[in-house]
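Commentary on secondary and tertiary structure
Listed here are the chains, written in short residue letters.
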Amino acid sequence: EINTSRYNEEFHEVCKLGDGEFGSVFKCLHRLDGCTYAIKKSKTPVAGSVYERNALNEVYAHAVLGKHPHVVRYYSAWAENDYMYIQNEYCNGGSLGDIVEENKKTKRRFSESDLTQLLFQAVLGLRYIHSQNLVHLDIKPGNIFIHRNPKFLASPESGLESCEEEEEFEEAVLYKIGDLGHVTSAANPVVEEGDCRYLPKELLNDDFDHLTKADIFSLGLTIYEVGGNINLPKNGELWHSIRRGELPALPNYSVEFNALLRSMVCEDPYDRPSAVTLAQHPVLCPQEKK
Ligand SMILES: Cn1cc(CCO)c2c3c(c(-c4ccccc4Cl)cc21)C(=O)NC3=O
């Protein structure tokens, strides 16, 4: 019949998760393995266009960036009936962009320890991407997805059975870097600029010598936005003052945490810490068990 397609045969479409110029993302149940996936369905890009290069970049990047707890996992990609599909891990907690919008309304905000946990996990994801000699180039709240470990959703009454053997420490909330559409090689980059609100100035000057530090800059502004519940400018005087390293301190967080964020958005990419350095930073490392 007309809609014989792998998409319809293999998956049951549960609901739409999002829309964009890129296409649409659906929450899908795989009929055979019973697992839920996020599948992006987009029009097949015109051959030789920027869209085709981005679409191929995304699949190449996912294929290289196998399995990591802080990078959204890729399962498969295929093309049929004039559409391209990419099947990724489904994260059940929405994106950080959703949380930021929510917090702006409810005036809620992350505690310093939650914000530290978020930054630490995103740094581990970036460290992995950079270790594969790749750069993301579109780090922002909307591209960091949240997965809440069902094990920790148990109601307090049920308690958590204390098990005998030493249990592998599990996070209740996992943050995962997703949307690899702008990913490129750190060494031989083909730069497709990401969201200008999170873009460091050197990228606008086509200085591609420190692309891993561009990701650090974007992550720094991402955490700043989450902590400050503010709307980052897309241009203008405030955009430029932030790129001069003039980042007003976030009043609800420690001097050390503010200093760390400021170091991540230094004007000179050379002065920004690498993901490797950040992963060992005393402000981020989980407190040694007392
Ligand atoms: C809009 N949207 C909402 C979600 C669910 C968050 O709870 C989502 C996901 C993804 C993606 C996605 C982004 C970029 C490329 C491909 C995909 Cl599937 C988009 C998503 C993805 O790769 N995994 C997701 O959970």
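Predicted model, so just to flag it, every value in this text is computed and none were measured. (Residues numbered from 1 in each chain as written. Predicted model: local features only at pLDDT ≥ 70, side-chain atom pairs only at ≥ 80, totals over all residues. Heavy atoms only, no water.)

1. Examining the pattern of salt bridges
Counting across every chain of the model gives 14 salt bridges. For Glu-10, the salt bridge goes to Arg-6, with nearest N and O atoms at 3.3 Å. Placement of both Glu-10 and Arg-6 in helix H1 (residues 6-10) is noted, with a separation of 4 residues, approximately one turn of the helix. Take Glu-10: its relative accessible area is 29%, and that puts it in the partly exposed class. Note on Arg-6: relative accessible area 27%, which makes it partly exposed. Of the charged contacts in the structure, one is a salt bridge between Asp-19 and Lys-16, with a shortest N-O distance of 3.0 Å. A relative accessible area of 52% means that Asp-19 is categorised as exposed. What emerges from the salt-bridge pattern is a single network uniting Glu-101, Lys-104 and Glu-225. (Salt bridge = Lys/Arg side-chain N within 4 Å of Asp/Glu carboxyl O. Helix = DSSP H or I, 4+ residues; strand = E, 2+ residues; numbered from the N terminus. Buried < 20%, exposed > 50% of the residue type's maximum accessible area, 1.4 Å probe, protein only.)

2. Observations regarding the nonpolar core
Grouped together as the largest cluster of nonpolar side chains are 47 residues, with contacts concentrated most on Leu-118, Leu-119 and Leu-219. Take this core: its biggest share by element is 10 residues, from helix H4 (residues 112-131). Discounting chain neighbours no more than four positions away, the residues touching Leu-118 are Leu-96, Phe-110, Ile-144, Tyr-175, Ile-223 and Val-226. Counting 8 residues, the second largest nonpolar core, distinct from the first, contains Phe-26, Ile-39, Trp-78 and Tyr-85. (Core = buried A, V, L, I, M, F, W, Y, C linked by side-chain atoms within 4.5 Å. Contact = heavy atoms within 4.5 Å.)

3. Some details on helix H3 (residues 96-106)
Taken as a whole, H3 has its buried residues at Leu-96, Gly-97, Val-100, Asn-103 and Lys-104. Looking straight down H3, one finds that the buried residues subtend no more than 125° of arc, so they occupy a single side. The elements touched by buried residues of H3 are H4, strand S7 (144-148), strand S8 (173-177) and helix H6 (211-228). Here H3 starts with a cap whose side-chain oxygen sits 3.1 Å from the backbone nitrogen of Gly-97, and that cap is Ser-95. Downstream of H3 by one or two residues, Lys-107 has phi in the positive range, about 60°. (Arc of directions from axis to C-beta. Polar contact = N/O pair within 3.5 Å; in protein donor to acceptor, adjacent residues only side chain to side chain.)

4. Some thoughts on the packing of H4 against H6
Put simply, H4 and H6 touch, their axes get as near as 11 Å, and they point 160° apart. The orientation of H4 with respect to H6, classified from their angle, is roughly antiparallel. In this structure, H4 crosses over H6, and the sense of that crossing is right-handed. Contact with H4, carried on its side by Leu-115, Leu-118, Leu-119, Ala-122, Val-123, Leu-126 and His-130, involves Thr-212, Asp-215, Ile-216, Leu-219, Ile-223, Val-226 and Gly-227 of H6 and no other residues of that element. (Axes fitted to C-alpha atoms, helices over the stretch in contact; angles between N-to-C directions. Parallel < 35°, antiparallel > 145°, perpendicular 65-115°, else oblique. Left-handed = near helix turned anticlockwise from the far one by under 90°.)

5. Topic: the site of the ligand
In the region of the ligand, 14 residues are neighbours, and Glu-58, Asn-88, Glu-89, Cys-91 and Gly-94 sit closest. For the ligand, an oxygen atom lies 2.8 Å from a polar atom in the backbone of Gly-94. Protein chains shield 90% of the accessible area of the ligand, which is 510 Å² for the free molecule. Mapped by element, the contributors of at least two residues to the shell around the ligand are strand S3 (36-43) and strand S5 (83-89). Residues of the shell around the ligand, tallied by class, amount to 7 nonpolar, 3 polar and 4 charged. (Near = heavy atom within 4 Å. Areas by Shrake-Rupley, 256 points an atom, 1.4 Å probe, with all protein chains shown as cover. Nonpolar A, V, L, I, M, F, W, Y, C, P; charged D, E, K, R; others polar.)

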